[in-house]
Amino acid sequence: MLFNSYLFIFLFLPVVLLGCYVLGKLARPHIVLLWLVGASLFFYGWWNSTYLALIVASIALNYSTGHWMRQKAVGTISRKWILIGGIAFNLLLLGYFKYANFFADSINALTGAELHLQQIILPLAISFFTFQQIAYLVDAYRAETKPHGFLNYSLFVTFFPQLIAGPIVHHQEMMPQFEQAHRFKILPQNLAIGLTIFAIGLFKKVMLADNISIYANLLFNGVEAGVQPTFFEAWFGTLAYTFQIYFDFSGYSDMAIGLARLFGIKLPLNFHSPYKAHNIAEFWRRWHMTLSRFLRDYVYIPLGGNRKGAPRRYLNLMLTMLLGGLWHGAGWTFVIWGGLHGVYLAINHGWQVFFRPQQHQRKWSRGLARLVTFLAVAVAWVFFRATSMEDALIIVSAMGQFDELSLPLMLRGRLFGLESILTQLGIAFEGRIYRDLVGDLRPGIPLLLSLWAIAWSWPNTQQLMRRYEPALDVYRFELPSVWWQRFQWQPTVAWALLIAVLAVWSLIGMNKVSEFLYFQF
C-alpha cells in the first residue's frame, strides 16, 4: 500500500484516523496505541504478509535485549556481550535477506566458485527498522534509555508514516510523544497542518518526480539495452534522475511528516533543500538527515571520528560512507557511490584546512561552490541508479566527451543561422536514445529547468510551515530568505484553495502509481 494510492488515501488513512478519534474518546490510551500498532502492522503486511512474523520477532527480541541490558544484575553474562549478541542478530538478519546473494555472486566472480542461493525476497523496510533498533540497543547499553512498555516500543518501530522509508527515528524523540495520551487526539489544527504537508508532498511525487522520471528511465534503460548515449543524452538523463530522486524523496519526507502530524506526532526533519548546499558536508547535513545522524553517532564517532589525527579521520570518513553506500543497496555500484562521497568529503575537509574559506563569501563564489557541489552529486547519482558498473561507466564516459559535444535532434532546423555556426564548431545534432521522442523532449527540457529553479530558489515545505513547527530538529543553520517570508502558510481560505488545487491535480495525475525510490532500500 503506497502513500500515493487511492486505497491508502481514501480508505486506509480515514479508517485509522476515525478509529483513533473514536477510541480516544471512549477508551484508555493503551487501546489507542494498540490500534495504531495493529494498523501499522496491517500496513506493513499489505505488501507481503509472510514477513509480518519477521518484523514482530525482531521487535520482540530487540525489546527483550534492551530490557535485559537495563537490568543491574544480568547473571554471568556481561552487558557488553548482550549488546554484541543483539547487534549480531540484527546484522545477520539484514545480511541474510539483503546481502547474501550479493556476497555469493562476488565470491563467485573473484574465485570462480559456484555458490548458488535461492532467490531471496527483500523484506520491506528491513534496512530502516534494523538501524533504528541497533541505535536503541546501543543507547540501552549506554544507559541512555528509560523503561518503556512493549506497546510503546512496538509503535516506535512500526509507526506507519515512517516505517517503510524513514526517517530513522530515535527513541528519545518518539517515546515521550507516545507516552502523552493527548498526542493521539485528532485536533483540527493538526489535521490542517498535516493535510497541507501531505498534499504538497503528494504533488512533488506525482506531478514532479514521476513526470521527470520518464527521461531518466530512457537513458538508463537505453544504456542497459546496449545504446551508446550522446554527450547531451548522458547529461540530460542524469540530471533528470538527479531531480527525480530529489523530488521523490522530498515528497515522501513531506508525506511522512504530514501523516504523523495528523495523529499529533512530530517526526524529525529528514530533508532540507540539499541541492542548495555549498559543499558536500552541508549536502549530507541536508540529505537523508537521520541516516547521516545515525552514521555519525553510531559509526563515524565510534571509529574515532576526528580525534585521532587527519589520516585516521579520512579513513573513518571513507569507511562510514562505504557503509552508507552498502546500506542503500547490495551492489558494487552502491559501494562506488558511497566511496565517491567519501572522497568528496575528504577533499572538502582538506580544502577547509588548507584554504580556510571565509564564512561570508562573495555571491559569485558561493554560487560556484553550489554548482560544483551539485554537479559532483549528480555524477555520483549515475552509479546509484545504474544497474551495473559497466552501464555507469558508459554514461560517465559520455558525460565527459567534451570533444564530441552534441545537442538534441529536436533542435535541428529550429536554430536558423545559429545551426550552421554550431555545426562548423563541431557540435552535432543527433539522438540515439531520445531520437524517437523529438516531440516529447519539448516539455522535458523546460520541466528539468523548472525543477532546477525550484530546488535552488524556492522555499521548501518546512520553511513555508515554519510558524507551526511541522517537524523536530528543524535545520537552524540557515536564516530564512526575506522575499518568501510573507508567503508562509497560514490557515486561511486562500491557502486552503491553493492546497486543494494541488491535491486534486495530484489525485487526477495518479493514473500510474509508482513506488517511492527509497522503498527499494
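Please read all numbers here as calculations on a predicted model, not as lab measurements. (Residues numbered from 1 in each chain as written. Predicted model: local features only at pLDDT ≥ 70, side-chain atom pairs only at ≥ 80, totals over all residues. Heavy atoms only, no water.)

A.B. asks: Before we go on, may I ask you to explain the layout of surface pockets in this structure?
C.D. replies: One simple way to see leftover space: roll a probe sized like a water molecule over the atoms. Counted as a void, the second largest pocket has a volume near 1100 Å³. If you go around the second largest pocket, you meet 48 residues; those closest to its centre are Arg 385, Glu 515, Leu 517, Gln 520 and Phe 521. Among the elements that make up the lining of the second largest pocket, the one with the highest residue count is helix 4 (residues 79–111) (nine residues). The class makeup of the residues in the lining of the second largest pocket is 22 nonpolar, 18 polar and eight charged. (1 Å grid on protein atoms, 1.4 Å probe; cavity = no way out; pocket = protein on both sides within 12 Å on 5 of 7 lines; lining within 4 Å. Points joined across faces, edges and corners; volume = space filled by probe spheres on them. Helix = DSSP H or I, 4+ residues; strand = E, 2+ residues; numbered from the N terminus. Nonpolar A, V, L, I, M, F, W, Y, C, P; charged D, E, K, R; others polar.)

A.B. asks: I'm lost on the side chain of Asp 139 in this one. Help?
C.D. replies: With respect to the secondary-structure elements, Asp 139 resides in helix 5 (residues 126–141). According to the relative accessible area criterion, Asp 139 is buried, its value standing at 1%. Once you skip the residues sitting within four places of it in the chain, Asp 139 turns out to touch Glu 144, Thr 145, His 170, His 171 and Tyr 298. (Buried < 20%, exposed > 50% of the residue type's maximum accessible area, 1.4 Å probe, protein only. Contact = heavy atoms within 4.5 Å.)

A.B. asks: Teacher, can you tell me more about the environment of Met 289 here?
C.D. replies: Inspection of the secondary structure assignment puts Met 289 in helix 12 (residues 289–300). Expressed as a C-alpha distance, the spacing of Met 289 and Pro 268, which sit 21 residues apart in the sequence, is 8.7 Å.

A.B. asks: It is not clear to me how the pattern of salt bridges should be interpreted in this structure. Could you clarify?
C.D. replies: Opposite charge on two side chains permits pairing when their charged atoms draw close. By the definition in use, this model includes eight salt bridges. Between Arg 286 and Glu 282 there is a salt bridge; the shortest N-O distance is 3.0 Å. In this pair, Arg 286 and Glu 282 both sit in helix 11 (residues 280–286), four residues apart, roughly one turn of the helix. Exposure remark for Glu 282: the relative accessible area of 11% places this residue in the buried category. Among the ionic pairs, Arg 296 bridges to Asp 297, the shortest N-O distance being 2.8 Å. Given the relative accessible area of 44%, Arg 296 is considered partly exposed. Among the residues examined, Asp 297 registers a relative accessible area of 23% and is labelled partly exposed. Through salt bridges that share partners, Lys 205, Asp 210 and Asp 248 make up one connected network. (Salt bridge = Lys/Arg side-chain N within 4 Å of Asp/Glu carboxyl O.)

A.B. asks: Explanation requested: the packing of aromatic side chains in the structure shown.
C.D. replies: Given two aromatic rings, one states the distance between the centres and the angle between the planes to describe the pair. Enumeration according to the criterion identifies 64 aromatic pairs in this entry. With a centroid separation of 5.7 Å and 50° between ring planes, the pair formed by Phe 43 and Phe 160 is classed as tilted. Taken together, the residues span a long stretch of sequence, with Phe 43 in helix 2 (residues 29–45) and Phe 160 in helix 7 (residues 160–163) at a distance of 117 residues. Residue Phe 160 is classed as buried on the basis of its relative accessible area, which comes to 0%. Aromatic pair Phe 159 and Phe 178: ring centres 5.9 Å apart, planes at 75°, arrangement edge-to-face. Linking Phe 159 in the loop between helix 6 (150–158) and helix 7 with Phe 178 in helix 8 (residues 171–178), this pair joins segments that are 19 residues apart in sequence. Among the residues examined, Phe 159 registers a relative accessible area of 0% and is labelled buried. If you follow Lys 98 out to its NZ or CZ, it ends over the ring of Trp 327, 5.5 Å from the centre. (Phe/Tyr/Trp six-rings, centres within 6.5 Å; stacked < 30°, edge-to-face > 60°. Lys NZ or Arg CZ within 6 Å of the ring centre and 35° of its normal.)

A.B. asks: Is there a simple way to explain the packing of helix 12 against helix 13 (residues 310–328) in this structure?
C.D. replies: The geometry of a pair of packed helices is captured by two quantities: the angle between their axes and the separation between those axes. Packing of helix 12 against helix 13 brings their axes to within 10 Å, and their N-to-C directions diverge by 130°. Relative to helix 13, the element helix 12 lies oblique. Note on packing geometry: the crossing formed by helix 12 with helix 13 is right-handed. Judged by residue contacts, Leu 291, Leu 295, Val 299 and Tyr 300 of helix 12 engage Arg 313, Asn 316, Leu 317, Thr 320, Leu 323, Gly 324, Trp 327 and His 328 from helix 13. Class assignment of the residues belonging to the contact of helix 12 with helix 13 gives a composition of seven nonpolar, four polar and one charged. (Axes fitted to C-alpha atoms, helices over the stretch in contact; angles between N-to-C directions. Parallel < 35°, antiparallel > 145°, perpendicular 65-115°, else oblique. Left-handed = near helix turned anticlockwise from the far one by under 90°.)

A.B. asks: Mind showing me how you'd approach a nonpolar patch on the surface here?
C.D. replies: On the surface, Leu 7, Leu 11, Val 15, Trp 35, Phe 42 and Trp 46 cluster together into a nonpolar patch covering about 560 Å² of accessible area. If you list the elements that add at least two residues to the nonpolar patch, you get helix 1 (6–26) and helix 2. No other element matches helix 1, which puts three residues into the nonpolar patch. Structurally, Trp 46 can be placed in the loop between helix 2 and helix 3 (52–70). Look at Trp 46 and you get partly exposed, because its relative accessible area is 44%. (Patch = residues over 30% accessible without salt bridge, like charges linked within 9 Å, V, L, I, M, F, W, Y side chains within 5 Å. Areas by Shrake-Rupley, 256 points an atom, 1.4 Å probe, with all protein chains shown as cover.)

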